[in-house]
Amino acid sequence: MLNKKFALLVMTGLFAGAAGAKPTVEETIRKRVEPKLGKDVKIESIKKTPYSGLYEIRAHGDILYTDKQGKYLFFGQVINTKTQRNLTKERVEQINMIKFNELPFEHALKLVKGDGKRMMAIFEDPNCGYCKRFRQTTLKEIDNVTVYTFMYNILSEDSSAKSRNIWCSPDRNKAWDDWMLDNKAAPAAAANCVNPNEKVFELGRKLRIEGTPAIFFVDGSRIPGAIDTKGLEAKFTSLGMPAKPAAKPAAAVAAAAPAAVAKK
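J.: Can you explain the overall build of the protein chain? Please cite residues and give values.
T.: Helix and strand counts for the protein chain stand at 10 helices and 9 strands. Taking all contacts inside the protein chain whose residues are at least 6 apart in sequence as the whole, residues at least 24 apart take part in 63%. Accessible area for the protein chain stands at about 16800 Å²; split by element, carbon and sulfur atoms hold 57% of it.

J.: Please set out unusual backbone geometry residue by residue, giving values where relevant.
T.: Glycine aside, negative phi is the norm for most residues, and most peptide bonds take the trans geometry. That bond from Thr212 to Pro213 is cis: its omega, -5 degrees, falls within 30 degrees of zero. Mapping Pro213 onto the fold places it in the loop between α8 (197–206) and β8 (214–217). Phi at Gln84 is positive, roughly 65 degrees, even though this residue is not glycine. Here Gln84 shows up in the loop between β4 (73–74) and α3 (87–95). Look at Asn144: it is not a glycine, yet its phi comes out positive at around 55 degrees. Along the chain, the position of Asn144 falls in the loop between α5 (138–141) and β7 (145–151).

J.: Lay out the sheet that holds β4 with the relevant residues and their values.
T.: Taken together, 4 strands build an open sheet; the order of strands is β1-β2-β3-β4 and the sheet is antiparallel. One side of each edge strand has no neighbouring strand; the edge strands of this open sheet are β1 (43–48) and β4. Note that β1 and strand β2 (residues 55–59) share 5 bridges and pair antiparallel. The residue bridging Ile43 from the neighbouring strand is Ala59, located in β2. Here helix α2 (residues 25–33) sits on the sheet in contact with β1, β2, β3 (62–66) and β4, set at roughly 135 degrees to β1. Helix-sheet contacts for α3 involve β1, β2 and β3, and the interaxial angle to β3 is about 130 degrees.

Conventions used here
- Residues numbered from 1 in each chain as written.
- Predicted model: local features only at pLDDT ≥ 70, side-chain atom pairs only at ≥ 80, totals over all residues.
- Heavy atoms only, no water.
- Helix = DSSP H or I, 4+ residues; strand = E, 2+ residues; numbered from the N terminus.
- Contact = heavy atoms within 4.5 Å.
- Areas by Shrake-Rupley, 256 points an atom, 1.4 Å probe, with all protein chains shown as cover.
- Pairing = 2+ DSSP bridges.
- Axes fitted to C-alpha atoms, helices over the stretch in contact; angles between N-to-C directions.

Below, the structure is given as structure tokens:
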């Protein structure tokens, strides 16, 4: 009986202690900050940083900072002055990485140029001016790529209708280029034509794509917005996929041949 009474006292003490326990730093921050972030915006994670006692808050694919009491919010970039690294930018890129091979490529247009070894996926709206310019310049100039285009309808009421008509065309790539390059609209699709508009829209929301074009690469990284040919080539080079080296002029090859023979 004594043991039972002792156990009861211990349990009572534990519950009393738990009831009076102070909230953790994470609980304090979440309680004070989350209501200030806007309707339906939830904090995904809270993490202490190694700089100045700040806490990193992840919310809606973005990064912001606060103190341990959650009294102050800091919106902006944290830069390492010694290395000039943008630590905030690096973290945002890291948390927004995707699994490229898991994209539903069956819902995308597929364009292969050259050997097609370098791959990229682009989310574009048919009414996106930047997307049209990107296709008229960068994609026209670059080679040896496979481009998967997801028609992501977010800009205008008629974006979905245009994408549906293009998807239901006999030659989807031609219909897309006709519209994006020459403003030649695709004919109206048959009423029973099945298209992936809704699935692509849901995917884009899941990936937190809020503007077009949005470009994804095989390492899971993304570029939000258009990019010029030089920048795109630099990106592929950073992934170990540079453009093929230019062939040596015939005269240079002929000049090198005698020297190679002389060494034998």
